[in-house]
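Below are the chains, spelled out letter by letter.
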Amino acid sequence: MQFDVFSKPLAQLPVDCLVVGIHEEGELGDDARHLDRATDGALAKLLAHGDFPGRPGETLLLPGLPKVKASRVLLVGQGSRGSVTRRAWRKAVQAAINALGRTQVRSAALALTRPGARDLDDYHFGRAVAEITHASLYRVNDLKTGKKPKAPVLEQLKLGPVKAQGVAAVRRGLAHGGAVGLGARTMRDLANLPGNVCTPSYIAERAQEIAQKYPTVSVRVLDEDEIRKEKMGCFLAVTQGSEQPPKFIVLEHKGGRAKRPPVVLVGKGITFDTGGISLKDPGAMDEMKF
């Protein structure tokens with residue numbers, strides 16, 4: 001997924017789809033108003049029919065407007081102009097990405113009404129868009145052999161318009177949010193796999209792949225003999241209930257500042273639970289897997 005910013009007028013952007021915010025009663029957001037002027041009022045004329053009330057989270061995909069390079073325009077409801085909080089804005093972004101994911105749109109420009117800078121600065125603007133996009137486009141790595149729905153094809157998202165002084169902060173946020181999104185996707189893929197696939201050895205192989213891909217990451221995988229040498233008796237006691245050999249994985253990312261203390265995260269890494277899952281209430285039993 002490629003992220004970037006834009007500053008030029010929406011009508012001139014060479015993307016598949018423009019995404020603009022519409023408020024209740026058909027009130028145009030700031031960027032939608034600019035788009036309307038560029039199209040000689042075509043957008044306002046469409047909204048005058050009253051078919052799109054602009055309620056929060058609603059979307060409507062339109063064919064391309066006159067004098068616009070994009071072949072589609074996606075309208076996203078943002079409620080009343082005075083209620084665009086950070087939470088409401090996130091809901092609108094998610095609705096937009098979900099709608100784009102159901103189309104064959106490969107590139108889009110996102111121009112929704114933003115909350116005030118105190119609620120959403122440029123850095124968190126970029127980071128939130130990247131995180132929401134990755135989460136919204138994620139699809140469970142389903143192993144069933146039946147026909148699967150088409151995966152989203154969206155591969156490029158531009159957001160803005162961003163003023164010159166905010167471009168660096170937005171791009172930094174996009175980079176950080178993109179990294180968080182990719183990490184979350186890896187976590188979700190592992191958690192969603194069944195226990196007969198995602199074994200301790202499988203997770204160790206994925207950890208080794210990560211270390212090979214990123215030069216700042218190293219990995220050490222302890223096998224059963226090495227675990228016993230470390231006198232990790234409780235760990236071995238648990239793994240005796242499985243035919244799968246235990247693996248103790250240490251991933252180290254050495255990208256912090258010099259002389260700063262390390263941050264250590266410890267996870268259980270239990271790939272299959274033979275009994276505990278049935279102790280949960282039925283309504284939450286499936287969540288025990290995670």
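Placed above this text is the structure.
One structure accompanies this document, and this report is about it. The structure presented is a predicted model; accordingly, all values stated were derived computationally and were not measured.

1. Some points on the pattern of salt bridges
With the rule as written, the count across this model stands at 14 salt bridges. Ionic pairing is found between R81 and D30, a salt bridge with its closest N-O pair at 3.4 Å. Linking R81 in the loop between β4 (72-77) and α3 (86-101) with D30 in helix α1 (residues 30-38), this pair joins segments that are 51 residues apart in sequence. A relative accessible area of 29% places R81 in the partly exposed class. In this structure, E205 engages R206 in a salt bridge whose closest nitrogen and oxygen atoms are separated by 4.0 Å.

2. Section: the packing of helix α4 (residues 122-137) against helix α5 (residues 167-192)
Orientation of α4 relative to α5, taken along the N-to-C sense of each, is 25°, at an axis distance of 7 Å. It follows from the interaxial angle that α4 and α5 lie roughly parallel. As α4 packs across α5, the resulting crossing turns out to be right-handed. On α5, the residues that touch D122, Y123, F125, G126, R127, A130, E131, H134 and A135 of α4 are A169, V170, R172, G173, L174, H176, G177, G178, V180, G181, L182 and R188.

3. Regarding the side chain of T199
Mapped onto the elements, T199 comes out in the loop between α5 and α6 (200-213). Here T199 falls in the buried class, since its relative accessible area comes to 9%.

So, how was this worked out
Residues numbered from 1 in each chain as written. Predicted model: local features only at pLDDT ≥ 70, side-chain atom pairs only at ≥ 80, totals over all residues. Heavy atoms only, no water. Salt bridge = Lys/Arg side-chain N within 4 Å of Asp/Glu carboxyl O. Helix = DSSP H or I, 4+ residues; strand = E, 2+ residues; numbered from the N terminus. Buried < 20%, exposed > 50% of the residue type's maximum accessible area, 1.4 Å probe, protein only. Axes fitted to C-alpha atoms, helices over the stretch in contact; angles between N-to-C directions. Parallel < 35°, antiparallel > 145°, perpendicular 65-115°, else oblique. Left-handed = near helix turned anticlockwise from the far one by under 90°. Contact = heavy atoms within 4.5 Å.

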